[in-house]
Amino acid sequence: MWYKAGSFIVKQRFGLLLVLAAATIFMGWKASQVQLSYDFTRALPTDNPKYRDYQAFLKRFGADGNTMVIGIHADNFYNKIFFNEVAALDQRIKKVAGVTDIKSIPEAVNLKNDTSVHQLVPLKIFHYPVTDQYQLDSARIVFEGLPFYKNLLYNPSLHSYLMGVSVNKDTINSKSRTRLINDIIQEINVFEKNTGTTVFTSGLPFIRTTIGNRIKAEMNWFLIGSLLLSVITLFAFFRSFSATLMSLLVVGIGVVWSLGTIVLLGYKITLLTALIPPLVVVIGIPNCIYFLNKYHTVYREVNNKEEALVTMVGRMGIVTLFCNIAAAIGFAVFAFTRSDLLKEFGQVAGSNIMALFFISLLFIPSVLSYLPPPKPKHMRYLDSKLLEKILVKIERWAFYHAKWVYGITAVVTILAVIGIFRIKSEAFIVDDLPKNDKVYTDLKWFETNFGGVMPLEIIVDTKKRKGIFRIKPIEKIDELSTYIAANPATARPLSFVEGLKFAKQAYFDGDSASYRVPYEGDLAFMAPYLQAKKDTSASAKGFSSLINSFMDSSKQMARISINMKDVGSARLPFLLADFQKKADALFDTAAYHVTFTGSSISFLEGSGFIIKGLKESIFWAFLLITLCMLYLFRSFRILVCSLIPNLIPLVVTAGVMGWVGISLKPSTVLVFSVALGIAIDVTIRFLINYKQELPQYHHKVPETLVQTIRHTGISIIYTSLVLIAGFIIFCLSDFGGTKALGWLTSLTLIVGTLTNLVLLPVLILSTSSKKPGKS
């Protein structure tokens, strides 16, 4: 069948190349329409309770995590020149398209008790520009006499000051987010230049945009660098520009098809699907090397180009098919998870790995048929003395040192298993960044000075219309807020109760001692002052919108907003459980319903769901690949022999992660899928070659193994070296996850090559029958 396919491809080469070119042009047109996704909540399935809670929160209160924070440390903050620069920065940022509101000291308001109209009138405390230092000092006294702003906009003990910049949720979730953040940073740079002061920036909009842009830029450069290193290595082996260019075109077509598939399926590029182009390189390069190696080997034997091409397809077609099927299964199983993010990755990766098989099968023989026969220098690598020595040593180890092979394998495996028990499953929002990166250090500055920037939301449902304005829920919300504020991992919570305290202080003529929860009698006297009044002034609107943002329109639900430190996915559940326990003790479930939600909860749940989905997918992939190999080889003995060399690289990789302290998180779990695809590829190629050679050597296992090691070993070693060259460049990344993908995958390649070239022959020899004619 495969020999007929080879003959058909060679005869119909022009038509097949024309169809392939047309399909690639179409896919290229589709690929030009690809867009980036800025939705960070799609890791969770839509029926997940945490997802539903978060969507209900967004619908009722609007987006959380849409505030970029700007921090300033200055002992001379209230110097009129410096203060005017801060106020000027405030005004400039206000004008940036996409900025919706600013909370800052120059914008702070005080409430004045206007007894004539029974109204609390918001009045600006500071008036820009400040011309008189005495006037500024007086305003400062008024401002610092308002506990509402303490540790919210300033930290008096550390001389730290904060500006909160609210951004439009549609803008920050679109490609315009880069322009928005850059415009704000540009104004900050002007301030730094004018004052000589270092400004700290953070908040989820800033962190996500900055990290997303860096990853995008890195992936583009690393993909180019990976291809370049692969090309250099390929040329060093084959000494042929045409063979190198052909291999580059195969993976290039695969990359174009993968991007086109994303658009055809109606998807956008996510942080997961962005990894598919490098995966195409991982699968495509081995296809090219094995085809070329078989072509050169056969041509040197028969000295006939067409016969060599037909034999190449006949011998390598089925090998490459099952290798790509196994790799496709490894990623396609993600399509059966309940996460949209993983589903899209699985569908695109699985379908394009199979498409890559047909691209390789049609393109390589067709192009080679138009090229002149290979010259002796192109096949010189087949006679590499160094490679020959390595393969001879491998034969000796396989035939004469089986006990040593088993012993070393056992020791390494035991050490790896011990390492596996040391692996921690923990993720941080910025843990992939170096500790000296400004994004990381600025985040830590905000955690030290203001308790953090990661949003956590608590919704208290009183189950009654206007139920939040009763004294009991007010006192309970304040007690819960006080409890949370005492935790070193959180900042001071903000809720409408803080607004009531501010109103009570204003009602009692600004006495700071009155900044406390109103008594029931106070609420009765203050009731007229708390009614909504028509006031169109900017200060009135600002304060009113701030308070109203912490309750729903029916006044049935209250929102407690908390900024917290990036404590990590391991510690966060214990922190939330502690807060939940306190909430359960305060709020009777019959009268209240308390919900914990927000970006921090979504991050925790999403990270856990992705890790769980990846683990389950790897298990099912291994099971399906096992069934596929059982069908292919029809031998339980060969199946067992094939699984062990594939399990060991995964175990060793996991063990090394445990020993060196790499946590299990979405960015590192994916390494195992890549590792499984690489290891299984090598095993299938070795065993199919062994199976094809066996009848020619009268089913004599030792002789067949020697021939398989010498013929397939060359391709395996060359493939591993090319892929290591392609992956090792990722070690230059600033991101821990990308760096881990580079060196852990390279480690897996090395271990997989050793287990398949040394351990696999030992296993076949040890389990083979002594009787002639049996395999």
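Fair warning: this is a prediction, and the values are worked out from it, not measured in the lab. (Residues numbered from 1 in each chain as written. Predicted model: local features only at pLDDT ≥ 70, side-chain atom pairs only at ≥ 80, totals over all residues. Heavy atoms only, no water.)

*Asks:* Describe a nonpolar patch on the surface, listing the residues and the values that go with them.
*Replies:* Residues Phe619, Trp620, Leu623, Leu624, Leu627, Leu630, Phe636, Val640 and Ile644 make up a contiguous nonpolar surface patch of about 840 Å² in total accessible area. It is helix H21 (residues 599–633) that provides the largest number of residues to the nonpolar patch, a total of six residues. Relative to the helices and strands, leucine 627 resides in helix H21. Note on leucine 627: relative accessible area 49%, which makes it partly exposed. (Patch = residues over 30% accessible without salt bridge, like charges linked within 9 Å, V, L, I, M, F, W, Y side chains within 5 Å. Areas by Shrake-Rupley, 256 points an atom, 1.4 Å probe, with all protein chains shown as cover. Salt bridge = Lys/Arg side-chain N within 4 Å of Asp/Glu carboxyl O. Helix = DSSP H or I, 4+ residues; strand = E, 2+ residues; numbered from the N terminus. Buried < 20%, exposed > 50% of the residue type's maximum accessible area, 1.4 Å probe, protein only.)

*Asks:* A description of the sheet that holds strand E8 (residues 454–461) should follow, citing residues and the corresponding values.
*Replies:* If you trace the three strands from one edge of the open sheet to the other, you get E9-E8-E10, paired in antiparallel fashion. The open sheet terminates on both sides in strands that have one partner only, identified here as strand E9 (557–564) and strand E10 (593–597). Between one strand axis and the next, the sheet turns through 15° on average, direction left out of account. As paired elements, E8 and E9 share eight bridges and run antiparallel to each other. Within E9, the residue paired with leucine 456 across the bridge is isoleucine 562. (Pairing = 2+ DSSP bridges. Axes fitted to C-alpha atoms, helices over the stretch in contact; angles between N-to-C directions.)

*Asks:* Help me get a handle on the nonpolar core, residues and values and all.
*Replies:* Counting 143 residues, the largest nonpolar core has Ile684, Phe686 and Ile764 as the members making the most contacts within it. For isoleucine 684, the residues in contact, after removing those within four places along its chain, are Val319, Phe322, Cys323, Ala326, Met629, Leu632 and Phe633. Counting 98 residues, the second largest nonpolar core, distinct from the first, contains Val86, Leu89, Val439 and Phe550. (Core = buried A, V, L, I, M, F, W, Y, C linked by side-chain atoms within 4.5 Å. Contact = heavy atoms within 4.5 Å.)

*Asks:* Describe a positive patch on the surface, listing the residues and the values that go with them.
*Replies:* A cluster of like positive charges, contributed by Arg239, Lys375, Lys377 and Arg380, occupies part of the molecular surface. For lysine 377, the location among the structural elements is in the loop between helix H12 (340–370) and helix H13 (385–400). (Lys, Arg positive; Asp, Glu negative; His and termini not counted. Charge placed at Lys NZ, Arg CZ, Asp CG, Glu CD.)

*Asks:* Any details on helix H7 (residues 177–195)? Residues and values, ideally.
*Replies:* Three or four residues apart is the spacing at which side chains of an α-helix point the same way, because the helix has 3.6 residues per turn. End to end, H7 covers 27 Å across 19 residues, agreeing with the expected 27 Å (1.5 Å per residue, within 8%). Among the residues of H7, Arg177, Leu180, Ile181, Ile184, Glu187, Ile188 and Phe191 are the ones counted as buried. The buried residues of H7 occupy an angular sector of 125° when the element is viewed end-on, so they sit on one face. (Expected span 1.5 Å × (residues − 1). Arc of directions from axis to C-beta.)

*Asks:* Tell me about the environment of methionine 219, and name the residues and values.
*Replies:* The residue methionine 219 is located in helix H8 (residues 204–238) in this model. Residues methionine 219 and serine 673, spaced 454 residues apart in sequence, show a C-alpha to C-alpha distance of 19 Å. What methionine 219 contacts, discounting residues up to four positions off in sequence, is Ala274, Leu275, Pro278 and Phe730.

*Asks:* Give me the packing of aromatic side chains: which residues, what numbers.
*Replies:* Going through the model one piece at a time under the given rule, you end up with 31 aromatic pairs. Residues tryptophan 445 and phenylalanine 446 carry aromatic rings whose centres are separated by 5.0 Å and whose planes lie at 90° to one another, so their mutual orientation is edge-to-face. Like phenylalanine 446, tryptophan 445 is buried. Measuring from centroid to centroid gives 6.1 Å for tryptophan 445 and phenylalanine 450, while their planes differ by 55°, and the two rings are tilted. Its relative accessible area of 11% is what places tryptophan 445 among the buried residues. We classify phenylalanine 450 as buried; its relative accessible area is 7%. Joined through ring pairs, the aromatic side chains of Phe77, Tyr78, Phe82, Phe83, Phe126, Phe143, Phe148, Tyr149, Tyr154, Tyr161, Phe191 and Phe502 make up one cluster. The ring of tyrosine 370 has arginine 13 sitting right over it, with the charged end atom 4.1 Å from the ring centre. Just above the ring of phenylalanine 550 sits the side chain of arginine 559; from NZ or CZ to the centre is 5.6 Å. (Phe/Tyr/Trp six-rings, centres within 6.5 Å; stacked < 30°, edge-to-face > 60°. Lys NZ or Arg CZ within 6 Å of the ring centre and 35° of its normal.)

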